[in-house]
Structures are given as structure tokens and as C-alpha cells.
Amino acid sequence: MTKLTLAEASARIHAGTVTSTQLTKACLDRIAIYDPKLDAFITVMRDKALAQAAILDAEQKAGKLRGPLHGIPVALKDNIDTAGTRTTAASGVFQDRVPAEDAPVTTRLKAAGAVIIGKTNLHEFAMGAGEASFFGAARNPWALDHNTGGSSSGSGAAMSADLCYGSLGTDTAGSIRNPGAFCGVVGIKPTYGLVPIRGIAPLCVSLDHCGPITRTVEDAAMMLNVLAGYDHLDITSVEHAKEDYVAGMKQPIKGLRLGIPIGAFDGVDPQVGQLVHTAIELLATLTRGVKEVSLPSTNDVAYQNFASMGETFAYHEQFFKLQSNRYQPVDRRRLEAEEATHPRAEDYIRLRWELETLRRTIDDAFTDFDLVLMPTQKVTAPVLDDMLRRNLQPTTTPLTSSSTAGGGSSVGAYNAYGIPSLTVPCGFSKEGLPVGLMICGPHFSESKVLALAHAYEQATAWHTMKPPITPDTVVPPLITHL
């Protein structure tokens with residue numbers, strides 16, 4: 001039952017052939033077997049999930065279905081507030097923090113009938129690639145000694161291992177798409193402001209996004225239908241006419257013109273490059289073709305620039321002054337470095353001006369092409385011990401999400417642009433590690449992005465592959481000190 005897609009589980013709920021309680025128990029049983037190996041969850045909400053499922057079953061029996069997500073178990077990254085259930089951001093600083101209110105995305109999922117089954121692991125406060133968590137690093141279901149991608153590490157692992165039917169991640173420099181690529185699942189970062197981020201512990205508000213990580217493109221569209229919408233209390237939220245992304249996903253793609261940004265394959269691992277090129281060649285036959293294109297540089301408005309200007313430290317200042325010893329060492333060093341920069345307000349204001357100009361003009365680049373394609377990550381999932389060993393080095397150099405992800409990527413540019421960006425599985429390395437294809441488009445082109453990804457998914461079978469993890473899989477130890 002846990003191998004069903006969200007769409008398949010929804011169809012069975014609506015047909016009355018399965019109940020929410022059955023789906024929830026199936027997920028909980030699988031979590032009990034596999035989460036001790038994966039560390040995908042920080043908190044499993046067993047009792048609350050079963051109670052929520054029972055209410056939804058009563059509604060189902062009475063013929064009152066709330067929508068496509070009715071009765072579907074989903075997981076939330078543990079930097080997203082859940083009233084009455086702790087939200088830790090994977091940090092000792094928030095180890096016992098219990099919010100009084102749900103984040104708007106939590107409220108929307110509950111109202112749509114989704115069952116919140118638990119809170120997933122992440123890199124502490126979303127500051128990196130998933131290897132630094134107060135609760136231990138989440139592990140990749142395809143190879144337990146490898147990284148999941150981050151910072152939404154647990155959400156990616158939980159989806160890949162069939163522990164839930166949908167999950168939420170956050171993305172500041174690739175943190176939805178990186179775990180999507182490394183774990184062989186789908187992840188979409190929507191247009192900046194389309195999904196509210198209020199009630200989510202921020203990393204860098206100017207670049208933060210929230211979106212779904214799922215097994216299929218259709219599942220992502222179903223979740224985005226519920227998540228998208230204006231929140232007047234969210235300073236990042238934008239007003240946009242309601243769309244049906246499932247319907248939009250079904251639009252024809254024959255007329256789409258595709259581009260590959262200059263430099264997208266620079267430094268790419270040969271295996272990754274070959275798999276992504278093969279995927280692009282297939283899409284070229286389904287559309288009007290592919291050509292090389294140019295997009296503006298984001299080097300001056302990357303996450304590192306905003307961090308050095310104090311935007312990350314602005315949130316942490318109140319906690320860091322009192323509890324700096326409770327941060328993970330690598331993140332403590334980063335915040336110490338950011339605290340020491342003493343940024344000037346006028347420099348930050350100029351940085352914001354440059355970001356806003358870029359976002360107002362990025363759509364102008366899409367003149368003779370509709371969407372762009374590239375590798376999500378230029379490498380496959382790195383070995384966790386290599387990442388942990390580097391973090392244990394006594395260095396004061398702040399590490400970024402892209403550098404800790406192993407080899408760099410293009411993902412963070414699309415946070416600066418603020419435009420939709422999706423990863424879909426496109427193959428496996430000879431070591432059996434997943435590779436992702438990234439598809440991006442101008443503001444509010446989610447439906448086109450989803451449509452192209454769905455067409456690719458329908459023409460291939462990569463999304464149907466399952467990791468080799470079994471109840472007998474041995475969990476390799478991780479380095480704890482040098």
C-alpha cells in the first residue's frame with residue numbers, strides 16, 4: 001500500500017476501497033521498520049495522525065470528502081510550525097520548542113484533509129546539505145553511507161523510501177531540488193511568494209521558498225494546488241490568480257521551445273552529464289527543440305552575499321547570544337563568521353535593489369524559448385563521512401549549501417531569480433545513485449514546468465525505480481570525531 005503514488009492513494013480513498021486509517025497505519029508500520037536506518041523523521045506523530053485519520057474516515061463514510069488530499073498521510077520538514085507538536089529545525093536550540101500555531105502551509109494541508117504523519121529531519125536551521133543535525137544526519141535510501149541532499153534531507157529520504165505519500169521541503173539555495181535529485185524523487189520550488197513561508201524558521205527570507213517533494217509530477221501538482229495562495233501576513237507573499245496545476249500539467253508540450261543555459265554543464269560529472277543530455281535529447285523530440293541560451297548572472301545576489309550581509313544572522317541573533325554552544329559546530333562557525341562581518345545597512349539595501357531588479361527583468365530573458373533544462377546537481381550524492389570529516393575540521397570558513405552538496409550546482413540561481421524550478425529523476429549512475437534533470441521557467445510558469453516534467457516522466461520509467469533498502473540492510477557507522 002505504501003508504494004502507491006499520492007494520486008493512486010487518493011483515487012482509492014475516493015472510490016471507498018481504502019481508508020485513511022489503513023494508509024496511515026501502513027506508513028507508520030513502514031516508518032517503524034525503516035526510519036531507524038534512515039533517520040528521516042525527527043518526530044513521528046503516531047497518535048495525532050491516527051486520530052486525524054479517524055475523523056477523515058468518518059467524513060469519507062458520510063460522503064464528505066475535502067478534496068484530492070483527503071486522508072492522505074504527508075510529512076513536513078521540521079522547520080515548519082505545527083501547533084502542539086515540537087518544531088525543532090533539527091537544532092538543540094529548539095529541541096523542546098512547541099509552537100502555538102500552525103504555519104499557513106500546515107493549516108492548508110490539514111484543511112484539505114491531509115494527515116500530518118510526522119516532522120522530517122533536515123540540516124540544522126536549513127543551513128547546509130543535510131549532514132549536520134542535532135538528531136543525526138538523514139541517510140540516502142539508495143546507499144545508506146551517502147548524503148540525501150539538503151537541507152530538506154528527511155523529506156527526500158522519506159519520499160524515496162515510501163514512508164509517506166507527499167512531503168514538504170524548503171528551498172533557499174536548492175534545498176528541495178537537491179534531495180529530490182539525490183533521492184530519485186520529484187521536487188518543485190515554486191515562484192517566490194506563491195507559497196507562504198510564514199511560520200517557517202527562515203534561512204534567508206529574500207531567497208526562501210516552500211514546496212512539495214513527491215514521487216511523481218502529478219503528486220507535486222496535487223500538493224501545489226493546496227499550498228499556493230496569498231497570505232496577507234506574509235511579507236514575501238504575492239497575489240496570483242488561482243490555478244489548477246493538475247489541469248495545467250496536462251497541457252500539450254509540442255509547441256514548447258527549450259533552452260540549455262550557457263555553462264549549465266561546466267564541471268559536471270561525466271555520468272551525470274550523459275544522463276541529463278540523454279533526457280534533453282528525448283525532450284527535444286517531444287517539443288519544438290532545444291538550443292543554447294543565456295540567462296543573467298546571479299553571482300552578486302547569491303545566498304552567500306545575503307548571509308554575509310546579515311540576513312541569516314538577523315533571525316539567529318537572539319538565540320545565538322544565549323545558546324551558541326547548542327548549535328552544530330559547522331553552523332556555529334558560520335554564524336560566528338556572519339556575526340563578525342558587521343555589514344553596513346547601505347550595502348544590504350543595494351543588494352536588495354539588485355535582487356529586485358533581477359526578479360523584475362528575468363522574464364525578459366525568455367524571449368525565444370519557454371523553459372530551460374540542466375542537471376539539478378552536477379554530481380551524485382556524496383559520501384556522508386567525507387562531509388562530516390570536513391565539518392569536524394577546525395576551520396572558520398563558513399560552508400554554503402552548494403559547497404557542502406559536493407561539487408556545486410546551478411540550483412541557487414533560481415532562488416535569486418525567484419522563478420519556478422523542478423527536478424525529476426532521469427537515470428542512475430553506475431554505482432546506482434539517482435540523477436536529476438532540472439526544468440525551470442519564468443514567473444508563474446509552474447503549469448508549463450509541470451507539463452514538460454510530466455511528459456518526460458510518462459516517456460521514461462525512472463520514477464518507478466525503488467531503492468534497494470530492506471529490513472535486513474546493515475546501517476554503516478558514521479564518523480563522529482577525527
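Structural data are supplied above this passage.
Summarised in this report is the structure supplied together with it. (Residues numbered from 1 in each chain as written. Predicted model: local features only at pLDDT ≥ 70, side-chain atom pairs only at ≥ 80, totals over all residues. Heavy atoms only, no water.)

1. Re the overall build of the protein chain
Thinking step 1. Helices and strands together make up the secondary structure of the protein chain, namely 17 helices and 11 strands.
Thinking step 2. For 482 residues, the compact-globule formula gives about 23 Å, and the C-alpha radius of gyration of the protein chain, at 21 Å, lands near that figure.
Thinking step 3. With respect to the principal axes defined by its C-alpha atoms, the protein chain has extents near 60 × 55 × 50 Å.
Thinking step 4. Each of the 482 residues in the protein chain was classed as buried or not, and the buried ones make up 62%. (Helix = DSSP H or I, 4+ residues; strand = E, 2+ residues; numbered from the N terminus. Rg over C-alpha atoms; globule rule 2.2 N^0.38 Å. Buried < 20%, exposed > 50% of the residue type's maximum accessible area, 1.4 Å probe, protein only.)

2. Observations regarding unusual backbone geometry
Thinking step 1. Of note, the bond from Gly150 into Ser151 is cis; its omega dihedral lies within 30 degrees of zero at 15 degrees.
Thinking step 2. Here Ser151 lies in the loop between β3 (115-120) and α5 (153-160).
Thinking step 3. In this structure, Ala89 is a non-glycine residue whose phi angle is positive, near 55 degrees.
Thinking step 4. Relative to the assigned elements, Ala89 resides in the loop between β2 (73-77) and α4 (104-111).
Thinking step 5. We note that His342 has phi near 50 degrees; this positive angle belongs to a residue other than glycine.

3. Quick word on the sheet that holds strand β5 (residues 186-189)
Thinking step 1. The 11 strands lie next to each other as β1-β3-β2-β4-β6-β5-β10-β11-β9-β7-β8, forming an open sheet whose pairing is mixed. Since the sheet does not close on itself, it has two edges, and those belong to β1 (41-44) and β8 (290-293), each with one partner. When strand polarity is set aside, the average angle formed by the axes of neighbouring strands in this sheet is 30 degrees.
Thinking step 2. Looking at chain direction, strand β4 (residues 166-171) and strand β6 (residues 209-214) are connected through 5 bridges and run antiparallel. By the bridge assignment for β6, Thr170 is matched with Cys210.
Thinking step 3. Those strands touched by helix α2 (residues 20-38) are β1, β2 and β3, and its axis lies near 20 degrees from that of β3. (Pairing = 2+ DSSP bridges. Axes fitted to C-alpha atoms, helices over the stretch in contact; angles between N-to-C directions. Contact = heavy atoms within 4.5 Å.)

4. Some thoughts on the packing of helix α9 (residues 270-286) against helix α17 (residues 446-459)
Thinking step 1. Their axes nearest at 11 Å, the elements α9 and α17 cross at an angle of 105 degrees. Taken together, the axes of α9 and α17 lie roughly perpendicular to each other. For the pair formed by α9 and α17, the contact residues are Ala279, Leu282, Leu283 and Leu286 on the first element and Leu452, Ala455, Tyr456 and Ala459 on the second.
Thinking step 2. Taken together, the residues that form the contact of α9 with α17 break down as 8 nonpolar, no polar and no charged. (Parallel < 35°, antiparallel > 145°, perpendicular 65-115°, else oblique. Nonpolar A, V, L, I, M, F, W, Y, C, P; charged D, E, K, R; others polar.)

5. What about the pattern of salt bridges?
Thinking step 1. If you walk through the whole model with that rule in mind, you get 17 salt bridges.
Thinking step 2. Asp162 is paired through a salt bridge with Lys466; the nearest N and O atoms lie 3.0 Å apart. In this pair, Asp162 sits in the loop between α5 and β4 while Lys466 sits in the segment after α17, placing the two residues 304 residues apart along the sequence.
Thinking step 3. Look at Lys466 and you get partly exposed, because its relative accessible area is 33%.
Thinking step 4. Close ionic contact of Lys321 with Glu317 constitutes a salt bridge, the shortest N to O distance being 3.1 Å. Remark: Glu317 and Lys321 occur in helix α11 (residues 311-323); sequence separation between them is 4 residues, near one turn of the helix. (Salt bridge = Lys/Arg side-chain N within 4 Å of Asp/Glu carboxyl O.)

6. A closer look at the packing of α4 against helix α7 (residues 217-227)
Packed helix pairs are specified by the crossing angle of their axes together with the interaxial distance, meaning the distance between the axes.
Thinking step 1. Interaxial distance between α4 and α7 falls to 9 Å at its minimum, and their mutual angle equals 110 degrees. Looking at the two axes, α4 sits roughly perpendicular to α7. For the crossing formed where α4 meets α7, the hand is right-handed. Of the residues in α7, those touching α4 at Val105, Arg108 and Leu109 are Met223, Val226 and Leu227.
Thinking step 2. Of the residues contributing to the contact of α4 with α7, the split by class is 5 nonpolar, no polar and 1 charged. (Left-handed = near helix turned anticlockwise from the far one by under 90°.)

7. Considering α4
Thinking step 1. Of the positions making up α4, those classed as buried are Pro104, Val105, Thr106, Arg108 and Leu109.
Thinking step 2. Looking one or two residues beyond α4, the residue adopting positive phi is Gly113, at roughly 95 degrees.

8. Some remarks on the side chain of Lys189
Thinking step 1. Note that Lys189 resides in strand β5.
Thinking step 2. As a buried residue without a salt bridge, Lys189 has its nearest oppositely charged side chain in Asp171, at a separation of 6.4 Å.
Thinking step 3. Reaching out from Lys189, the side chain makes a polar contact with the side chain of His209 at a distance of 3.2 Å. (Lys, Arg positive; Asp, Glu negative; His and termini not counted. Polar contact = N/O pair within 3.5 Å; in protein donor to acceptor, adjacent residues only side chain to side chain.)

9. Quick word on empty space enclosed by the protein
Thinking step 1. The tally for this structure, following the rule as stated, stands at 2 cavities of 30 Å³ or more.
Thinking step 2. Estimates place the volume of the largest cavity at around 80 Å³.
Thinking step 3. Lining of the largest cavity is provided by Trp142, Met159, Ser160, Asp162, Cys183, Gly184, Val185, Arg215, His463, Met465, Lys466 and Pro467.
Thinking step 4. A breakdown of the residues in the lining of the largest cavity according to their chemical character gives 6 nonpolar, 3 polar and 3 charged. (1 Å grid on protein atoms, 1.4 Å probe; cavity = no way out; pocket = protein on both sides within 12 Å on 5 of 7 lines; lining within 4 Å. Points joined across faces, edges and corners; volume = space filled by probe spheres on them.)

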